[in-house]
Amino acid sequence: MENQRYMQEGLDVKRILLLFQKKIWMAAAAAAAGALLFGGVYLLIHVFFAPEREFESVSKLYLNFNCDPQDFNELTYNGYTWNDLMATDPILDVTMEALPEGTDRDMVIAATKAEILSDIRLLTITVTTNEAERTAQIMEATQKSLVHLGETDRLFDSIEVYSTVEPRQIVWDNRTANAAATGAVAGLFVSLLFLAFYYVMDDSVYVARDVEKRYGIPVIGILTAGRDGQEQEPYGREFAANYAYLCRDAGTVAVAALDTVTDAEAAARVMEDAADKGSVPEGKREMRGAERMPEAVQDADGRVKPGRQNDSAGGNRLPQLRVAGSVEEGEEVYRKIRETDGVVLTVRFGGGNGKRLERALGNLGKQDCGILGIVLLNADEKFLRQYYFGKKGAVYGITDVSVNR
């Protein structure tokens, strides 16, 4: 049932993208790290642990077969067998006789490669060793053995040396840039995949929708963190209206925190400000909580009295507030809440606390503690402005109605 509920909740793509843009530096850092890692490993392998330098010599030999061209495909010496034939005694023995005494036979076999690249009559010999002089010696000895083969084997009229390229050092093909680019793409892909998975699985509370759709509990308001570290309430009219209406039938309201008691105290101060009087003449100060309360909960002088206050019709009132503590404190907190008409629970913005909130709501229900609503604390005001208003956030004066202490 729980998995089904989360699936039905849906994916808030806009929220994920806004959160993701704050971590985009991680993707950039991962791409840079991948480039450094791949590029560094490539250089380490090809520079510090590179094999000895090698010298290569290439020779072309023309094979004059003693047969008609239409019979070439039936020859023993075809393009698929020359590399093996070079290691057989009829050829290799002659090669070894032309080399200095003590030359290793297996080394000569490993250094020599014979292949037919196109025309079956054109044989390409490649000799590769770690010394230019040795490469030249093996190439010269190999050519002598093949010319001798052309003179002694009845399948040939002759074998002629057409061309020989003197030994040249094999130049390392530096592909460090390619390795670094591959590493950057790999790092970027892995980081984006990780961030996407992280935010999809994140059960933190960021906006009212997260609470109301997931748990069915109304959000009274959202408090943002001011420059002085104090909780501020920029969405004044919204907070005041929700507070007045959701707590209209309550005489005493408990304020409890999901995290620490200081969170409950901060929320209680803002809620008290919603019932406090203004102290600066109009036009010289920002709007405060009391002035943003609906007229139905203000008296004739524009003041909001704390406690159970009724208007002239006797129908609207603001409750007394009581800080109950943190729900993690257990039985004593539940007792304090039960002594009131309901509880307002504070939850930190983006605190990775979705499961703890679910557990707390379950315990409050078991303890017969009525839940009036939730207040989100320490929210990122820039995030909220982008989420709710996009680029038009400034038009609504979101940053101009914060509560001053």
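Residues numbered from 1 in each chain as written. Predicted model: local features only at pLDDT ≥ 70, side-chain atom pairs only at ≥ 80, totals over all residues. Heavy atoms only, no water.

1. Examining the overall build of the protein
Stage number 1. Scanning the protein from terminus to terminus reveals 14 helices and ten strands.
Stage number 2. The 405 residues of the protein split such that 40% are buried.
Stage number 3. Considering only residue pairs separated by 6 or more positions, the protein has 74% of its internal contacts joining residues 24 or more positions apart.
Stage number 4. Accessible surface for the protein amounts to roughly 22500 Å². Of this, 52% is attributable to carbon and sulfur atoms. (Helix = DSSP H or I, 4+ residues; strand = E, 2+ residues; numbered from the N terminus. Buried < 20%, exposed > 50% of the residue type's maximum accessible area, 1.4 Å probe, protein only. Contact = heavy atoms within 4.5 Å. Areas by Shrake-Rupley, 256 points an atom, 1.4 Å probe, with all protein chains shown as cover.)

2. Digging into helix α2 (residues 13-22)
Stage number 1. Among the residues making up α2, those that are buried are R15, I16, L18, L19 and F20.
Stage number 2. The inward-facing, buried residues of α2 abut α3 (24-48), α8 (176-201), α9 (208-215) and α14 (381-389).

3. Let's talk about the pairing of strand β3 (residues 122-129)
Stage number 1. A large share of β3 lies buried, amounting to six of its eight residues.
Stage number 2. One ladder, built from eight bridges, connects strand β1 (residues 55-65) with β3; its direction is antiparallel. In the sheet register, L61 faces β3, and the bridge partner there is L123.
Stage number 3. As judged from the five bridges shared by strand β2 (residues 112-116) and β3, these two strands associate in the antiparallel manner. (Pairing = 2+ DSSP bridges.)

4. Examining the pattern of salt bridges
Stage number 1. One pass over the full model with this rule turns up 13 salt bridges.
Stage number 2. Ionic pairing is found between R134 and E131, a salt bridge with its closest N-O pair at 3.9 Å.
Stage number 3. Residue R134 is classed as partly exposed on the basis of its relative accessible area of 30%.
Stage number 4. Taking the shortest distance from any N to any O, the salt bridge between R335 and E332 comes out at 2.2 Å. Taken together, the residues R335 and E332, both in helix α12 (residues 331-338) and three residues apart, mark about one turn of the helix.
Stage number 5. What makes R335 partly exposed here is its relative accessible area of 33%.
Stage number 6. Here the residues in one salt-bridge network are D259, D263, R348 and R356, joined through shared partners. (Salt bridge = Lys/Arg side-chain N within 4 Å of Asp/Glu carboxyl O.)

5. Focus on a nonpolar patch on the surface
Stage number 1. A cluster of nonpolar side chains, L37, F38, V41, L43, L44, I45, V47, F48, F49 and W172, forms an exposed patch at the surface whose accessible area comes to about 970 Å².
Stage number 2. Along the polypeptide, F48 turns up in helix α3. (Patch = residues over 30% accessible without salt bridge, like charges linked within 9 Å, V, L, I, M, F, W, Y side chains within 5 Å.)

6. Describing the environment of R15
Stage number 1. Relative to the assigned elements, R15 resides in helix α2.
Stage number 2. A C-alpha to C-alpha distance of 9.5 Å links R15 and L384, two positions 369 residues apart in sequence.
Stage number 3. Contacts of R15, omitting those with residues within four sequence positions, involve Y199, D202, S204, Y206, D210, R214, F383 and Y387.

7. A few points about the sheet that holds β3
Stage number 1. The strand order across the open sheet built from four strands is β2-β3-β1-β4, with neighbouring strands paired in antiparallel fashion. Because the sheet does not close on itself, it has two edges, and the strands there are β2 and β4 (156-169). Looking at each pair of strands side by side, their axes are set apart by 20° on average, direction ignored.
Stage number 2. Packing against the sheet, helix α7 (residues 132-152) makes contact with β1, β2, β3 and β4, and its axis sits at approximately 175° to β4. (Axes fitted to C-alpha atoms, helices over the stretch in contact; angles between N-to-C directions.)

8. What about the pairing of strand β9 (residues 343-348)?
A regular strand places its side chains so that they alternate between the two faces of the sheet.
Stage number 1. Counting buried positions along β9 yields five of six residues, so the element is predominantly enclosed.
Stage number 2. When strand β7 (residues 252-257) meets β9, the two strands line up parallel, connected through four bridges. Considered in β9, the bridge of A256 is made with L345.
Stage number 3. Sheet topology places β9 next to strand β10 (residues 371-379); six bridges connect them, and they run parallel.

9. Brief notes about the side chain of T112
Stage number 1. Along the chain, the position of T112 falls in strand β2.
Stage number 2. Within the structure, the side chain of T112 is placed 2.9 Å from the backbone oxygen of V108, a separation counted as a polar contact.
Stage number 3. Among all residues touching T112, those that are not within four sequence positions of it are N83, M86, I125, T126, V127, I138 and T142. (Polar contact = N/O pair within 3.5 Å; in protein donor to acceptor, adjacent residues only side chain to side chain.)

10. Looking at the packing of α3 against α8
Stage number 1. At a closest axis distance of 6 Å, the pairing of α3 and α8 adopts a crossing angle of 145°. Seen from above, α3 lies across α8 with right-handed handedness. For the pair α3 and α8, contact is made by M26, A27, A30, A31, G34, A35, F38, G39, Y42 and L43 and by T176, A179, A180, T182, G183, A184, A186, G187, L188, S191, L192 and L195, respectively. (Left-handed = near helix turned anticlockwise from the far one by under 90°.)

11. Here we look at the packing of aromatic side chains
Stage number 1. If you walk through the whole model with that rule in mind, you get six aromatic pairs.
Stage number 2. Ring geometry for Y206 and F349: centres 5.2 Å apart, planes at 85°, overall edge-to-face. One end of the pair, Y206, is in the loop between α8 and α9; the other, F349, is in the loop between β9 and α13 (354-366), with 143 residues separating them in the sequence. You'll find Y206 and F349 in the same group, each marked buried.
Stage number 3. In this structure an aromatic cluster arises from ring pairing among F65, W82 and F156.
Stage number 4. One residue, R248, lies across the ring of Y245, its end atom 3.7 Å from the ring centre. (Phe/Tyr/Trp six-rings, centres within 6.5 Å; stacked < 30°, edge-to-face > 60°. Lys NZ or Arg CZ within 6 Å of the ring centre and 35° of its normal.)

So, to be careful, I would describe these as geometric facts and stop short of saying anything about function.
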